[in-house]
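A closer look at the structure
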Amino acid sequence: MDLFKGVGLLTERWVKGKLKVIASELGIPYSGKFSKYVLIDKFHYHLIEYLYGVPHPDLAKYDSPSRALNFVNLIKDLDKDKKSPLYIYMHYHTSGNAFSKRVIEKVKAEAEAIDTSASLLAEKIMGQLLLQLEIVLKEFDGDYLIVMATPESSLDKESNKKIYFHEAIHVLLNENDLHFDKGWYYNEGLVTYFQAEHLVKGEMDMAEKIRLLRGMLEGQDPKYFEYAHVWDAEFNKYSGKPKIEVIKMMLQAHG
Ligand SMILES: [Zn+2]
């Protein structure tokens, strides 16, 4: 299983190289730590996303009064039906996210405050989750860290490579204060724009690359591509200006 215990040296080197190119294209500082990542097993990864509040149709019923207060219910429901789509999602789906340290600290504080005394299983899982959160917190070198679910198959590994590149671009932009707090989809569009630029090979315009990337990243929220096209249109509209100037103008308008 060692084969699957990381993203692979070649992938890491490739992502670092691409981040450097994007940083130099934008004229922003680059650091090797922007591509630092930590792997944790899929179930605990999804429990972090659960407590963080990542939207998911099967998790909506745990939102009220709060995900934390429904933690024991979630664990009981998962234990009841190990064939449910939610159980399968939480145990077998691969995913990743560039988390800020503040978010992980908040998730940990919420997790610590959860009363699991009503369920031995929930208590045991909470113990493991808190240990994992400790490990994740120790890995932070900057404000952001890429946290990914441990891949368990070559398919997972393929998909983790794409997730890893996507999240590393987020870290590069976030660490350089190029982050939209309000117009959240502008972040995703910009990351998707750079993914298209670097993942789609061949001579063609960016609009075509974004269309082709959409086929490569099946299941991705269509809005990511919609906003990548918005960025492409903006960069074309101000083709005389460096991209960083265009991003700063957009931050003024939508940040
Ligand atoms: Zn993203």
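Computed from a predicted structure; not experimentally measured.

**Description of the overall build of the protein chain**
Counting secondary structure elements, the protein chain contains eleven helices and three strands. Put simply, the protein chain runs from its N terminus to its C terminus through helices and strands in the order α-β-α-α-α-β-α-α-β-α-α-α-α-α. Its C-alpha radius of gyration of 19 Å places the protein chain within 12% of the 18 Å reference for a compact globule of 255 residues. Sorting the 255 residues of the protein chain into buried and exposed places 33% on the buried side. Taking the contacts inside the protein chain whose residues are at least 6 apart along the sequence as the reference set, 70% of them involve residues at least 24 apart.

**Details of the pairing of strand S3 (residues 144-149)**
With six of six residues buried, S3 lies mostly within the body of the structure. Both faces of S3 are covered, namely the face carrying Tyr-144, Ile-146 and Met-148 and the face carrying Leu-145, Val-147 and Ala-149. Where strand S1 (residues 37-40) lies against S3, four bridges are found, and the strand directions are parallel. Counterpart to Ile-40 in the pairing with S3 is Ala-149. Across five bridges, the pairing between strand S2 (residues 96-100) and S3 is antiparallel. Looking across to S3, one finds that Gly-96 is bridged to Met-148.

**Details of the environment of Lys-20**
Its location among the elements puts Lys-20 in helix H1 (residues 9-26). C-alpha separation for the pair Lys-20 and Gly-32, spaced twelve residues apart in sequence, amounts to 8.9 Å.

**Examining unusual backbone geometry**
Of note, the bond from Ser-64 into Pro-65 is cis; its omega dihedral lies within 30 degrees of zero at -5°. As for its placement among the helices and strands, Pro-65 is situated in the loop between helix H2 (42-52) and helix H3 (71-80). Although it is not a glycine, Asp-177 sits at a positive phi angle of roughly 60°. Following the sequence through the fold, Asp-177 ends up in the loop between helix H7 (154-175) and helix H8 (184-199).

**As for the environment of Tyr-87**
If you trace the backbone, Tyr-87 turns up in helix H4 (residues 85-92). The class for Tyr-87 is partly exposed, based on 17 C-beta atoms found within 10 Å. Sequence separation between Tyr-87 and Ser-154 is 67 residues, and the spatial gap between their C-alpha atoms is 21 Å. The residues touching Tyr-87, leaving out its near neighbours within four places in the chain, are Leu-78, Asp-81 and Lys-82.

**Details of the packing of H2 against H4**
Two elements in contact, H2 and H4, have axes whose closest approach is 6 Å; the angle formed by their N-to-C orientations is 110°. Taken together, the axis directions place H2 and H4 in an arrangement best described as roughly perpendicular. Here Lys-42, Phe-43 and His-46 of H2 come into contact with H4, specifically with Met-90, His-91 and Tyr-92.

**Re the confidence of the model for the protein chain**
In low-pLDDT regions, the fine details of the predicted coordinates are not to be read closely. For the protein chain, the average pLDDT comes to 95, and 98% of its residues sit at 70 or higher. The least confident element of the protein chain is H7, whose mean pLDDT is 94; the most confident is helix H10 (residues 222-237), at 98.

**A look at the nonpolar core**
In terms of nonpolar packing, the biggest core is built from 57 residues, with Ile-146, Val-147, Tyr-164, Ala-168 and Ala-228 touching the most fellow members. In terms of residue count, the dominant contributor to this core is H7 (eight residues). When neighbours within four sequence positions are excluded, Val-147 is seen to be in contact with Val-38, Ile-40, Tyr-45, Gly-96, Asn-97, Phe-99 and Val-136.

Parameters at a glance
- Residues numbered from 1 in each chain as written.
- Predicted model: local features only at pLDDT ≥ 70, side-chain atom pairs only at ≥ 80, totals over all residues.
- Helix = DSSP H or I, 4+ residues; strand = E, 2+ residues; numbered from the N terminus.
- Rg over C-alpha atoms; globule rule 2.2 N^0.38 Å.
- Buried ≥ 20, exposed ≤ 12 C-beta atoms within 10 Å, placed from the backbone.
- Contact = placed C-beta atoms within 7 Å.
- Pairing = 2+ DSSP bridges.
- Axes fitted to C-alpha atoms, helices over the stretch in contact; angles between N-to-C directions.
- Parallel < 35°, antiparallel > 145°, perpendicular 65-115°, else oblique.
- pLDDT = per-residue confidence, 0-100.
- Core = buried A, V, L, I, M, F, W, Y, C linked by C-beta atoms within 7 Å.

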